[in-house]
Amino acid sequence: MPIQPRLIVTGREPDGTSVFVTDRPAEPISVGAIPGSDFFLMWGTEDGGATVGTGPQQPRLFPFFPGTGGTRVLFLRWAPESAAPERLGDPDRLAAEAAEKLPGLMDVFEPDDPGMHTTDTVDYGICLEGELHLELDDGKEVKLTPGACVVQQGTRHAWHNRGDRPALMCYVLVGADRAS
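These numbers were taken from a predicted model, which means no experiment stands behind them.

Parameters at a glance
- Residues numbered from 1 in each chain as written.
- Predicted model: local features only at pLDDT ≥ 70, side-chain atom pairs only at ≥ 80, totals over all residues.
- Heavy atoms only, no water.
- Helix = DSSP H or I, 4+ residues; strand = E, 2+ residues; numbered from the N terminus.
- Buried < 20%, exposed > 50% of the residue type's maximum accessible area, 1.4 Å probe, protein only.
- Polar contact = N/O pair within 3.5 Å; in protein donor to acceptor, adjacent residues only side chain to side chain.
- Contact = heavy atoms within 4.5 Å.
- Core = buried A, V, L, I, M, F, W, Y, C linked by side-chain atoms within 4.5 Å.

**Student:** In this structure, what is going on with the side chain of T119? I would like to understand it.
**Tutor:** Positionally, T119 belongs in the loop between helix 1 (91-101) and strand 5 (121-129). When its relative accessible area of 4% is taken as the criterion, T119 is described as buried. A polar contact is formed between the side chain of T119 and the side chain of T121, at a distance of 2.7 Å. Residues contacting T119, with those up to four places away along its chain left out, are F65, V108, G154 and R178.

Shown next as structure tokens:
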């Protein structure tokens, strides 16, 4: 049975008592530009650094990639390439849909090399189900299986599900400054 992402958020009452603020299943977001994949946006913090305390905290989910010091956590279920639906429709319409549902996501992708992208983030990617291949710009790949954790340090890369079933990854993105 596939994992169903669930969001549980804690907080504090004005008197300092710890409470559960949220406990709900995460809703998938799909976009035609990346057919067969479901994004589960869980939580994010403001750029510059997170704060805690008794004040209400709201997730910062967009733009998709955080700026310096901001964070995002999400699950992404990748369809197998052999079973993923074809990208259908007008490219401009598909881009507009992605920009509406997942602002900032498509901005990093290279138009002449589908799937390849570079971000100014340190990403922790943990494979939970299936298998996923991480390709770097030299064409070399590594296969991630459940339990594998990859630390992606702002390098040019692409993801491929070459298996025969969906792969579920959990990603924690931390916005970073790019040094030369």
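There's plenty left to go through after this.
**Student:** Before we go on, may I ask you to explain the nonpolar core in this structure?
**Tutor:** Formed by 24 residues in total, the largest nonpolar core has its most connected members in F39, F64, L74, W78, W159, M169 and Y171. If you list the elements that add at least two residues to this core, you get strand 3 (38-45), strand 4 (71-78), helix 1, strand 6 (132-136) and strand 10 (167-175). Residue contributions to this core peak at four residues, all from strand 10. Aside from chain neighbours lying at most four places away, what touches M169 is L74, F75, L76, W78, G125, I126, C127, L132, L144 and W159. Ranked by size, the runner-up nonpolar core spans eight residues in total, among them L7, V9, M42 and C170.

**Student:** Would you mind showing me how to read the side chain of N161 here?
**Tutor:** Checked against the element boundaries, N161 lands in the loop between strand 9 (157-160) and strand 10. Here the side chain of N161 touches W78 through a polar contact of 3.0 Å, landing on its backbone oxygen. A distance of 3.0 Å separates the side chain of N161 from the backbone oxygen of R165, its partner in a polar contact. Apart from residues lying up to four places away in sequence, N161 is in contact with W78, A79, P80, E81, E131, L132, P166 and A167.

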